[in-house]
Amino acid sequence: MPWPEGSRGEHDAHLPTGKRSLGERDAPRTSEPTGQQHLYLIFDDWELGYSIRKLNLSNAGAEQRRLPPPFIRLEATRGCPEFFAAVGTKILATHPRVDFRDALVPGGILPIVDVHSRGVNFAPGELYPQHPIYLPVGDEELFALDMDTFKMLSMKPLWPPRLEYEYRHQISEWSWRNLPMPTFKRMDVTSYAVDSDGRTILASTAAATFAFDPLHHDWKKRVEWSLPFSGHAHFVHGLDVFVGLPKDVDAFGHLCFCRWLGDGKHVWFSKENLSSKDPAESHVGSTLVYLGESRFCLVECVSNGDAKAVHKWLEEWEELDQTDKWEDCPLSSRCRLTTFSLSSDMNGDLTAAKTAVQCYKVPVLASYNVNPVAFWL
């Protein structure tokens, strides 16, 4: 697809080239059936931005592996992975652009990568994110809660059918639709999820849980207690339970379960600890990715090495313009993917049965102080 005139800038998309990211040795490519879902990992592992890599979770084996070559690269401000979002089969890069004010298109544009068609499209850019929470609802709507805004982007095809026909001329093009702000502040949100009906958005603060109805466009306080998760949680219909990473630091490494009981809740944790148990490793961040039905993937970044020594080494590496001494870096960062399925045992307790473990070396230039960004598409 041709790039619109004047649109090239921080978000230019790049198909993989022969130039590798620092510390990267490409694994061989393999042919796979089209339409199959995969895990997409995003690292800011090159000087201009991010690489998106496509991984197959069916390959078991805990030995350290080479990351596959980039699926695509995007130019964007490094160190800001929280500005990526995904809905349906599409990944959006919503990073602020320096040319928004002078862009030929009002509000600028944001690149969209369709991982199934390998096409690049553009969304409206009038978002200006600061500390966004992105939450997809279904395969065609993306909600964005930020410091002073709450918006929704519909990804339904413009043609056919055109949106203005379906909504009786209410919407004539893709656009971020402004929605009512909640009574709580964005920075007070501790966890969030889509409710069991598949459309109601739940957001918890330290003292209460609120619900947003996208049909009536209103916020209401649901209960006087908080969901017990850290960040994004997922509702599993087959088990009638919310699943996420625990807010309780004493439960680190375990899964957290919450079952809604009228105005009350039942909270418990998995018996299994799924995180790394190597005492030489330092935990960097974790992301729980829902794969559908009762399957999940815990994406965990770990490292060993002193942070100050790493920064000093990187400064010396850049000054000397090194190209082949990355093996000497005092830091070794790895991304561990633990795929598991939840099921009920004879006592009715939920158990996490591991089905595959994969471990990949993270390129040296990638930020290692943030939660990993991963999408199942």
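Anything mentioned here points back to the structure above.
Residues numbered from 1 in each chain as written. Predicted model: local features only at pLDDT ≥ 70, side-chain atom pairs only at ≥ 80, totals over all residues. Heavy atoms only, no water.

Some remarks on the environment of Pro-69
Working step 1: In this structure, Pro-69 sits in the loop between β4 (64–65) and β5 (72–75).
Working step 2: For the pair formed by Pro-69 and Arg-53, sequence separation is 16 residues and the distance between their alpha carbons is 6.6 Å. (Helix = DSSP H or I, 4+ residues; strand = E, 2+ residues; numbered from the N terminus.)

Overview of the sheet that holds strand β12 (residues 150–154)
Working step 1: Spatial strand order, β10-β11-β12-β13: four strands in an open sheet with antiparallel pairing. Two strands bound the open sheet, and with one partner strand each, they are β10 (133–137) and β13 (176–178). Neighbour-to-neighbour, the strand axes of this sheet turn through a mean angle of 25 degrees, independent of strand direction.
Working step 2: Bridge count for β12 against β13 is three bridges, and the pairing is antiparallel. Residue Leu-153 lies in a different strand from β13, and its bridge partner there is Trp-176. (Pairing = 2+ DSSP bridges. Axes fitted to C-alpha atoms, helices over the stretch in contact; angles between N-to-C directions.)

Side note on the nonpolar core
Working step 1: In this structure, Tyr-40, Ile-42, Ile-52, Phe-84, Ile-91, Phe-375 and Leu-377 are the most contacted members of the largest nonpolar core, which totals 22 residues.
Working step 2: Elements represented by at least two residues in this core include exactly β2 (39–46), β3 (49–55), β5, β6 (84–87), β7 (90–93), β8 (109–114), β9 (119–124) and β27 (373–376).
Working step 3: Setting aside residues no more than four positions away along its own chain, Phe-84 makes contact with Ile-42, Tyr-50, Leu-74, Ile-91, Leu-92, Ala-93, His-95, Tyr-134, Val-373 and Phe-375. (Core = buried A, V, L, I, M, F, W, Y, C linked by side-chain atoms within 4.5 Å. Buried < 20%, exposed > 50% of the residue type's maximum accessible area, 1.4 Å probe, protein only. Contact = heavy atoms within 4.5 Å.)

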